[in-house]
Each structure stands twice: as structure tokens, then as C-alpha cells.
Amino acid sequence: MQQRVMLYFGSFNPIHRGHIALAEYVLDRDLCDLVTLIVSPQSPYKEAAELAPELDRFEMAELAAAASRYPERIKPSVVELLLPKPSYTIETLRFLEKQCGDRMRFSLLMGGDQLAGLAGWREAEKILQYPIWVYPRRGQATELPAGDLHLLEEAPLLDFAATDIRAAVAAGEDTSRMLHPKVAWHIRQKGLYRKRE
């Protein structure tokens, strides 16, 4: 029997309580057996200016996943750190299908804002052949195009994003409601997201 693996792509810059709450939510509802956090080295659709080193982002994802309610079922992956860059979702899916497709059945977890821009992604029509679980963004309407798409209407929506966390770290503000203590400790130890002099 194939394991149901939900792929959660992101820069996780840094990973925060909202990311983990979503992963726990889909597991609570038995939408998959495992959530894999695909740490992206550099999205071809995002600026790299404030991106922390990829291994730091992977280590923070490991810390956050290990501290979750499902440490054995939420795991980060280095797959995109090993593949040619820039990383395209369809190429990662092809690689995973080739390596694990006989024993794993993949679905995707993405935000409504990502879905809105999906038409511009490489081979978007092939990505849409996978089941996609979509969490809405606060204050944004989410429209689902044709395909195997499912809106997670009751998904936990937190009122902050990674951008807010980076700004709070740079300003020396408290981030405890947004970050797990071990992630916050890693950021302090490595001096990540501080203002450049």
C-alpha cells in the first residue's frame, strides 16, 4: 500500500508556528500519512535578498518539526537543495516520482496566494494533475481552478508571516508567539535576519 505524502513547499525563511500548525492540521484530518517540508533553495519567483542560508533554513525546519505534535510524521527534506537550481516544482515532482513513486502517493499543500500565481509556473497543467490542498490567506478570496483541488476552509490562519518575523528579529522584538523557542535560539546563535550595517 502506498504511503500518502503531502508535500509542503516553501522557503521557510524562517519556519514558524503557522507552518507547523498547518502540517498538524492536515494530519489531524487524516489527509495524509506524512507531511514533507520541501525547503526551497531559491524560488525562481522570489527575490533572494533576505533569504537565510539554505542549511540554516533546513536546520530550523528540523527543529520545528521535531517539536511538533507529530515529530515522526512531519519531516523536512533536502531534495530541492540537491537538485539543479533554480528549483521548479514540476522537476522536484518528477524526481520524487522516479525515486519513490512506487511506494508513495503525492499531494501538495499550498496557500491561496501561491495557487493564484500557479498558471505562470513551469508546466502548471502537470502540477494540477496532483491533489492540491489549499489553505486560504486571511482577507483574500480563494478561487479554485479546475483540477483535483480542495479548500481547507477551517485551516488555522495566523495573523503573521515570515516577513513579519524577519522584521521583528531585525528590530530586536519578541518573537515567542510566532517562533518555537529552538528556532528563535538558532536565529540568535547564527545572527540571522539582523539589520545590515
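Rules used throughout
- Residues numbered from 1 in each chain as written.
- Predicted model: local features only at pLDDT ≥ 70, side-chain atom pairs only at ≥ 80, totals over all residues.
- Heavy atoms only, no water.
- Pairing = 2+ DSSP bridges.
- Helix = DSSP H or I, 4+ residues; strand = E, 2+ residues; numbered from the N terminus.
- Axes fitted to C-alpha atoms, helices over the stretch in contact; angles between N-to-C directions.
- Contact = heavy atoms within 4.5 Å.
- Disulfide = S-S within 2.5 Å.
- Buried < 20%, exposed > 50% of the residue type's maximum accessible area, 1.4 Å probe, protein only.

A. Main features of the sheet that holds strand β6 (residues 149-151). Within the open sheet, the 6 strands sit side by side as β3-β2-β1-β4-β5-β6. Their pairing is parallel. On the outer flanks of this sheet lie β3 (74-77) and β6, each paired with one strand and no other. Taken over all neighbouring pairs, the strand axes of this sheet differ in orientation by 30° on average, direction set aside. Judged from the 4 bridges that link them, strand β4 (residues 104-111) and strand β5 (residues 132-135) form a sheet pairing that is parallel. From the neighbouring strand, glycine 111 faces β5, where its bridge partner is tyrosine 135. Across the sheet, helix α1 (residues 17-28) touches β1 (3-10), β2 (34-39), β3, β4 and β5, and the angle it forms with β2 is around 150°. Across the sheet, helix α4 (residues 89-100) is in contact with β1 and β4; its angle to β4 comes to roughly 160°.

B. Looking closely at the state of the cysteines. On inspection of all chains with the given rule, the structure shows 0 disulfides. Among the cysteines around cysteine 32, which has no disulfide bond, cysteine 100 carries the closest sulfur, lying 15 Å off.

C. Focus on unusual backbone geometry. Omega for the bond connecting asparagine 13 with proline 14 falls within 30 degrees of zero, at 5°, which places this linkage in the cis form. Within the secondary structure, proline 14 is located in the loop between β1 and α1. Here the amide bond leading from lysine 85 into proline 86 is cis, since omega sits at 0°, within 30 degrees of zero. With respect to the element layout, proline 86 can be found in the loop between α3 (79-82) and α4. With a phi close to 45°, phenylalanine 12 is a non-glycine residue in the positive phi region. For phenylalanine 12, the location among the structural elements is in the loop between β1 and α1. For glutamate 123, which is not glycine, the phi torsion reads 50° and is therefore positive. Along the chain, glutamate 123 turns up in the loop between α5 (112-116) and α6 (124-127). Note on glutamate 123: relative accessible area 24%, which makes it partly exposed.

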